[in-house]
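# Topology and contacts: notes
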Amino acid sequence: MQKNITITYDAFDRLEDLLPEDRKLLEAATQAAKDAYAPYSKFHVGAAVLTENGDIVVGNNQENLAYPSGLCAERVAGFSASALHPNQKIMAIAITAFTDEFLTDKPTPPCGACRQSLIEYEIRDNQPIRCILRGSTGQIYVFHSMADLLPLQGNFLA
Ligand code: THU
């Protein structure tokens with residue numbers, strides 16, 4: 001027997017085409033990327049988490065001279081949201097990145113460790129987390145669940 005996993009996501013050409021709350025979240029992530037501490041990679045990532053009460057918690061990558069001690073933007077935002085609002089479900093996360101070294105014109109997907117960290121909240125809260133991805137320009141991808149980015153881990157597979 002063969003089984004199939006199909007992942008469906010939305011692609012938008014323009015910010016204006018997004019739902020207003022997704023656009024606001026992506027704008028918050030874009031702002032947060034400017035505050036990234038990324039002196040080593042010079043790759044500035046911003047993330048913004050939306051909680052069920054409408055709070056937005058931002059994060060950005062924090063690097064360190066001892067390389068593994070740094071942390072990705074997505075985990076800074078996700079962990080902060082859970083720390084600051086422990087009883088609120090996480091509804092969505094927007095992620096973006098820029099660097100002066102090259103054009104980030106493709107969506108910036110979270111790394112494997114961030115996917116694992118974020119799906120934890122999806123399972124905890126029994127609430128799919130929307131994931132809005134963009135480079136500094138180009139198409140915007142909207143995934144409807146972290147489980148779509150980490151198949152077989154989440155609760156939401158049919
Ligand atoms: N980074 C993130 O913050 N999120 C990602 O999804 C990919 C990578 C950071 C880690 C490091 O500070 C820099 O980008 C280069 O890898």
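Quick look at the structure, then. Because the structure is a prediction, the values reported are computed rather than measured.

### Brief notes about the nonpolar core
Of all hydrophobic cores here, the largest spans 22 residues; its most connected members are Ile 93, Ile 95, Cys 131 and Met 146. When residues of this core are traced back to their parent elements, those giving at least two are β2 (44–51), α2 (73–84), β4 (90–98), α3 (112–125) and β5 (130–134). For this core, the element with the most residues is β4, which contributes four residues. Here Ile 93 is in contact with Leu 25, Ala 47, Ala 48, Val 49, Glu 74, Leu 118, Ile 129, Arg 130, Cys 131 and Ile 132, once residues within four sequence places are set aside.

### Notes on the site of the ligand
Around the ligand sit Ser 41, Phe 43, Val 45, Asn 61, Glu 63, Cys 72, Ala 73, Glu 74, Pro 109, Pro 110 and Cys 111, and those are all the residues in its vicinity. At a separation of 2.9 Å, an oxygen atom of the ligand approaches a polar backbone atom of Ala 73. One nitrogen or oxygen atom from the main chain of Pro 109 is found 3.4 Å from an oxygen atom belonging to the ligand. Protein coverage of the free-state accessible area of the ligand, which is 370 Å², stands at 73%.

### Description of helix α1 (residues 20–33)
Helix length check: α1, at 14 residues, gives a terminal C-alpha distance of 20 Å against a target of 20 Å (1.5 Å per residue), a fit within 8%. In this structure, the buried side of α1 is in contact with β2, β3 (56–60), β4, β5 and β6 (140–143).

### Quick notes on the environment of Ser 80
Examined against the element boundaries, Ser 80 turns out to sit in helix α2. The exposure class of Ser 80 is partly exposed, given its relative accessible area of 24%. In this structure the C-alpha to C-alpha distance between Ser 80 and Val 49, which are 31 residues apart in sequence, comes to 9.2 Å. Residue contacts for Ser 80: discarding those within four places in its chain leaves Val 57 and Arg 75.

The rules behind these values
Residues numbered from 1 in each chain as written. Predicted model: local features only at pLDDT ≥ 70, side-chain atom pairs only at ≥ 80, totals over all residues. Heavy atoms only, no water. Core = buried A, V, L, I, M, F, W, Y, C linked by side-chain atoms within 4.5 Å. Buried < 20%, exposed > 50% of the residue type's maximum accessible area, 1.4 Å probe, protein only. Helix = DSSP H or I, 4+ residues; strand = E, 2+ residues; numbered from the N terminus. Contact = heavy atoms within 4.5 Å. Near = heavy atom within 4 Å. Polar contact = N/O pair within 3.5 Å; in protein donor to acceptor, adjacent residues only side chain to side chain. Areas by Shrake-Rupley, 256 points an atom, 1.4 Å probe, with all protein chains shown as cover. Expected span 1.5 Å × (residues − 1).

Purely spatial values, then, with no claim about function.
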